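Breakdown of the fold
Spelled out from the first residue to the last, the chains are:
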Amino acid sequence: SIRVIGIVHDHLSGRIAKALYPQHDIRLQPFEQSMLPDNSVQAVLGNPPFAEVKLPYWNGHLSLHEYFLARSIDILKPGGILAMVVTHYLLDRSQPHFREQLAERADFLGAVRLPSTAFAEQNTRVVTDLLFMSKRAPGVAARHVAPSWLTTAPMMIEDVAVSVSCYFQQHPEMVLGTWTRQDR
């Protein structure tokens, strides 16, 4: 039997989840207060929130979005899988420091870039990526599917040079939609 732990900050959604799935451990609390132990879960599926908040973690101060990813990697057991909807800035940011921190702990399995219209029914128009990683055991060598995920390069989009993940430039089949600077 699979044990599911759901961490839900929104109380209405959390109460609905508790009613629908009474056999599972649904917690109505912010993820940063969940106190899940390191190396304790096989998989993390999520959609980290955005906020102008910095949290101390991994010997620095991470944005709330970065904290969710970092903490999720830490709670995974070695070999565990992370599947997360993240902002495209994670892979497109020209500064690779946070990606390098992730790469020290987990292998990049791949990513899919979604168009800005993917969440239009929820009144959200933003380019997002589905990120897939697998946590490594300490001392195990990295086996990234594509090391290019760590780097960015300028890409001409509508005659403007834009910093874009080399992974997506080398794997255009992983990009749904067309490259544009317009929000459609």
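The coordinates are above.
Residues numbered from 1 in each chain as written. Predicted model: local features only at pLDDT ≥ 70, side-chain atom pairs only at ≥ 80, totals over all residues. Heavy atoms only, no water.

Another aspect to go through is the environment of S148. Tracing the sequence through the fold places S148 in the loop between strand 8 (128-135) and strand 9 (152-157). Separated by 21 residues in the primary sequence, S148 and Q169 have C-alpha atoms spaced 9.2 Å apart. Look past the residues within four positions of S148 in its chain and what remains in contact with it is S165, C166, Y167 and Q170. (Helix = DSSP H or I, 4+ residues; strand = E, 2+ residues; numbered from the N terminus. Contact = heavy atoms within 4.5 Å.)

A separate point is the sheet that holds strand 7 (residues 106-114). The strand order across the open sheet formed by 4 strands is 3-6-8-7, and the pairing between neighbours is mixed. Since the sheet does not close on itself, it has two edges, and those belong to strand 3 (41-46) and strand 7, each with one partner. Within this sheet the neighbouring strands show an average axis-to-axis angle of 10 degrees, counted without direction. Sheet analysis places strand 7 next to strand 8, joined by 8 bridges and oriented antiparallel. If you follow V112 over to strand 8, its bridge partner there is L130. Across the sheet, helix 2 (residues 64-75) touches strand 3, strand 6 (76-87), strand 7 and strand 8, and the angle it forms with strand 6 is around 160 degrees. Helix 4 (residues 97-105) rests against strand 7 and strand 8 of the sheet, and its axis sits at about 130 degrees to strand 7. (Pairing = 2+ DSSP bridges. Axes fitted to C-alpha atoms, helices over the stretch in contact; angles between N-to-C directions.)

By themselves these figures say nothing about function.
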